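Descriptive structure summary
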Amino acid sequence: MAKLSYITLFVKDIEVVKDWYVKYLGLSILQESPDFVLLQGQGGAQLGLHRGEPLSRPEQVNLHFEVEDVDAEYKRLKSQGLRFSQAPQTMPWGYRTAYVQDPAGHTVEIYMRKRE
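Since we're looking at a predicted model, the values are computed, not measured. (Residues numbered from 1 in each chain as written. Predicted model: local features only at pLDDT ≥ 70, side-chain atom pairs only at ≥ 80, totals over all residues. Heavy atoms only, no water.)

For the protein, the helix and strand inventory stands at two helices and eight strands. Each helix and strand of the protein, ordered N terminal to C terminal, gives the series β-α-β-β-β-β-α-β-β-β. Taken over the C-alpha trace, the protein has a radius of gyration of 14 Å; the compact-globule value for 116 residues is 13 Å, and the two agree within 12%. C-alpha extents for the protein along the principal axes are approximately 40 × 40 × 25 Å. Across the 116 residues in the protein, those meeting the buried criterion constitute 38%. Considering only intrachain contacts with a sequence separation of at least 6, the fraction spanning at least 24 residues in the protein is 51%. Carbon and sulfur atoms make up 50% of the accessible area of the protein, which amounts to about 7400 Å² in all. Of the charged side chains in the protein, 14 are positive and 15 negative, and the gap between their average positions amounts to 5 Å. (Helix = DSSP H or I, 4+ residues; strand = E, 2+ residues; numbered from the N terminus. Rg over C-alpha atoms; globule rule 2.2 N^0.38 Å. Buried < 20%, exposed > 50% of the residue type's maximum accessible area, 1.4 Å probe, protein only. Contact = heavy atoms within 4.5 Å. Areas by Shrake-Rupley, 256 points an atom, 1.4 Å probe, with all protein chains shown as cover. Lys, Arg positive; Asp, Glu negative; His and termini not counted. Charge placed at Lys NZ, Arg CZ, Asp CG, Glu CD.)

The structure is reproduced here in structure tokens:
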């Protein structure tokens, strides 16, 4: 079976999008060139950003970031100026989620699993 290692998003302003993920979500830079950046979060997931023509509907791309406490993370990010499209809510399947968009318009969900 193949191992999914990363997903690449095409963006116009690679610097702005890269800086957003590093500043707000704490991703680290693994590789960087003028036209490509590879970012990594905790747990090994990787996100590639490639300079290029973005999707016509970037909001249809959903990126999911698990956090320890979604309410605390929401407050922290909101205090730094991020505008959320949805404040934390408990979903029918038990996850507590909040939604924001990155500078390229992709939907970013921060969530926490149902506590046992």
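We are not done yet, so read on.
As enumerated under the stated definition, the model contains six aromatic pairs in all. When the centroid spacing of 5.1 Å and the interplanar angle of 5° are considered together, the rings of Tyr95 and Tyr111 count as stacked. Pair noted here: Tyr95 is in the loop between strand 6 (84-90) and strand 7 (96-101) and Tyr111 is in strand 8 (residues 107-112), with a separation of 16 residues, a long-range link. Relative accessible area serves as the criterion here: at 11%, Tyr111 is assigned to the buried category. One aromatic cluster in this structure is built from Trp20, Tyr21, Tyr24 and Phe65. (Phe/Tyr/Trp six-rings, centres within 6.5 Å; stacked < 30°, edge-to-face > 60°.)

A few words on the pattern of salt bridges. By the definition in use, this model includes eight salt bridges. Close ionic contact of Glu32 with Lys18 constitutes a salt bridge, the shortest N to O distance being 2.7 Å. Taken together, the residues span a long stretch of sequence, with Glu32 in strand 2 (residues 28-33) and Lys18 in helix 1 (residues 14-25) at a distance of 14 residues. Overall, Glu32 belongs to the partly exposed group, its relative accessible area being 42%. (Salt bridge = Lys/Arg side-chain N within 4 Å of Asp/Glu carboxyl O.)

Everything listed here is a matter of coordinates, which is why it stays silent on function.
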